Amino acid sequence: MSPRLRRCLFAAVAAVALAGGSVSARQTALPPAVRAAADGISSEQLAWDVAWLSADAQLGRNTPSPGFDAAADYIAARLARAGLAPAGDAGGFRQHYELHETRVDAESASLTVGDRRFALGRDVALRSFATPLSGPLAVVYVQHGWVIPGRGIDPYAGVDVRGKLVVAHGPRVLPKGVEVGQVGRVVVGAETPFVAAAKRGAAGVLFITQASDLVRWDEVRLAGTVRREMSPEVPSAYAAIPVTSLLMAPQVTDALFAGESLDGQTALRLADRGEFPASFQLKKTVTPHVAVAGRTVMRPFNVVARLDGSDPALKAETVTIAAHLDGAVGTRAVDGDAIYNAADDNASGSAALLAIAEQMAKAPRPKRTIVFVWDSGEEQGLWGVRWFVHQPPVPLRSIVAHINVDMIGASRVTTPPDPTTKPVTARNEVYVLGPKVLSAKVEALLGSVNDSYLKTRFNHDADTPESEFFYPRTDAGPFLERGILSVGFTTGNHARYHLPSDEARFLDPVQMHFLSRTIFASLWALADVTERPAIDRPMPASVPSYK
Ligand SMILES: [Zn+2]
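Residues numbered from 1 in each chain as written. Predicted model: local features only at pLDDT ≥ 70, side-chain atom pairs only at ≥ 80, totals over all residues. Heavy atoms only, no water.

**Re the sheet that holds strand S3 (residues 98-104)**
Reading across from one edge, S12-S3-S15 is the order of the 3 strands in this open sheet, with antiparallel pairing throughout. Each edge of the sheet is formed by a strand with only one pairing partner; in this case those strands are strand S12 (226-231) and strand S15 (292-298). Averaged over all adjacent pairs, the angle separating strand axes in this sheet is 20 degrees, with direction ignored. Where S3 meets S15, 6 bridges bridge the pair, whose relative direction is antiparallel. Residue pairing for S15: Glu101 is matched across the bridge by Thr296. Seen against the sheet, helix H12 (residues 383-390) touches S3 and S12 and runs at an angle of roughly 25 degrees to S12. (Pairing = 2+ DSSP bridges. Helix = DSSP H or I, 4+ residues; strand = E, 2+ residues; numbered from the N terminus. Axes fitted to C-alpha atoms, helices over the stretch in contact; angles between N-to-C directions. Contact = heavy atoms within 4.5 Å.)

Structure follows, in structure tokens:
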């Protein structure tokens, strides 16, 4: 444990002790009538729902797909029957957003240097596609392309890249002795070459390809020709790469640098050394050709419902709770099975959220309004949640706390430990993500409510700023990026994650039953506590702000 972390934990303990005085005991125990509503969650119904949502017929609920639509209809029909109010578009449960799928014309895509035309799929590959490219364009060498303000590293200083191509080693080559902190896929304290080039107005990026990409050229050479992104894009660390970039095979690098102050063979070896000449504009121009072959506009959606609060003043405040309804649908058959059922990830959370919503409609109403969200596109860029925070059905400022439920169906009873990750939890144990990092008072509140009910073991091992499960690998990310207190519940990762074998028969219905009721209690407590739940610790530096 690092010294910094030890100080944090000590501070958390002290703050909990202080907070004890301001949160009354009455508020922190679950009232009997609320408890009765939570107890109404049925393990049989949960088991049935998770099996239905993850059945082969739904084909993993890809975004968008008929299977997702069927799952959404299944949930919306039950919500209507339970008396929840629709909170989607035009009085319905569906909250749509526009998704643009853009396909590059792979046949014609190329990069021409002098009189040599280098074709896509042979000599160049698309690392990312954002906008079409045509030439001729000037080219500026920008070393590794990373901007790291804390180290005074800025290879764009003194060169003008606006409207030009930049050429950089990479995309993950850094100066010698420099490391960039990365939590999951989120980079901390640095701008990637993609972001840095886009911010400075570059038209595109050419990469002097790293050996690690060259050895798998057959895999990368025709990848990246389809871009799917919401329109309008909603700012987030999860947004699609903002610039078109090409990987160059060594023969292209050679041609590009022929006759320049840096020759191709030297350029190819610089990545290993980690030492780079100053940035400069090349003498020659090049002609990229990356055109669009077709564009399809789709309209995926979230399922959104609300229950208004009971307190005349506090009902203007909201607690949101979300589970992504979509699954990660792969294309590869494994052991003869090509259906990615996505049962634990995340039919389990979706079924739990449905049970919680149905019983919450029968419970004594908490003071605050609750908005329930079954979001889409989580597995492809957090589309649904990004759209939700962009166009929420309640004012964003009114959201005092958010709960994220993702993968709560596994337990050690049904899932052997996977040495590559933290073990899944025992029965009636759950990883809780957020309160220890963000709020001593909320941690105390949820802890005491839980003590008054099922005494689920709250495992805080991943409730640290350094844990990738706290911010970058969670659907709650867009909420955190907007400064909203977020609490996540998960039973953890396992060997069936994102594989066709993530099937309902491997889940533990006893676990889902415990955790659905426990999350119900946490949700009710956050929605009813008199003092507004709030972040009372600094937001970790790994969470960018998009307020
Ligand atoms: Zn998930």
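**Looking at the confidence of the model for the protein**
Averaged over every residue, the pLDDT of the protein is 92; residues scoring 70 or more account for 95%. In the model, residues 1-26 has pLDDT below 50 throughout and makes 18 contacts with residues more than four positions away in sequence or in other chains. (pLDDT = per-residue confidence, 0-100.)

**Digging into the sheet that holds strand S8 (residues 165-170)**
The strand order across the open sheet formed by 8 strands is S5-S4-S14-S7-S8-S11-S13-S6, and the pairing between neighbours is mixed. Bordering the open sheet on either side are strand S5 (116-119) and strand S6 (124-128), each of which pairs with just one other strand. Recorded for the sheet is a direction-independent mean angle of 35 degrees between the axes of neighbouring strands. With 4 bridges connecting them, strand S11 (residues 204-209) and strand S13 (residues 245-248) associate as parallel partners. By the bridge assignment, Leu206 is partnered in S13 with Leu246. Docked against the sheet, helix H9 (residues 250-257) engages strand S4 (110-113), S5, S6, strand S7 (137-141), S8, S11, S13 and strand S14 (280-289), running at close to 130 degrees with respect to S14. Strand contacts of helix H10 (residues 264-273): S7, S8 and S11, with the helix running at about 50 degrees to S8, the strand carrying the most contacts.

**Here's the deal with the pairing of strand S17 (residues 318-324)**
Most of S17 is tucked away: 7 of the 7 residues are buried. For S17 and strand S18 (residues 369-375), the ladder comprises 7 bridges, and the chain directions are parallel. Note that in S18 the partner of Val319 across the bridge is Ile370. The parallel pair S17 and S18, bridged by helix H11 (residues 343-360), forms a crossover whose chirality is right-handed. Relative to strand S19 (residues 399-405), S17 runs parallel, the two being bridged by 5 bridges. If you follow Val319 over to S19, its bridge partner there is Ala401. (Buried < 20%, exposed > 50% of the residue type's maximum accessible area, 1.4 Å probe, protein only. Right-handed = clockwise from strand over helix to strand, strands pointing away.)

**So, the environment of His498**
Its place among the elements puts His498 in the loop between strand S22 (486-490) and helix H16 (509-528). Sequence separation of His498 and Asp345 is 153 residues, and the distance between their C-alpha atoms is 7.6 Å. There is a polar contact of 3.5 Å between the side chain of His498 and the side chain of Tyr497. (Polar contact = N/O pair within 3.5 Å; in protein donor to acceptor, adjacent residues only side chain to side chain.)

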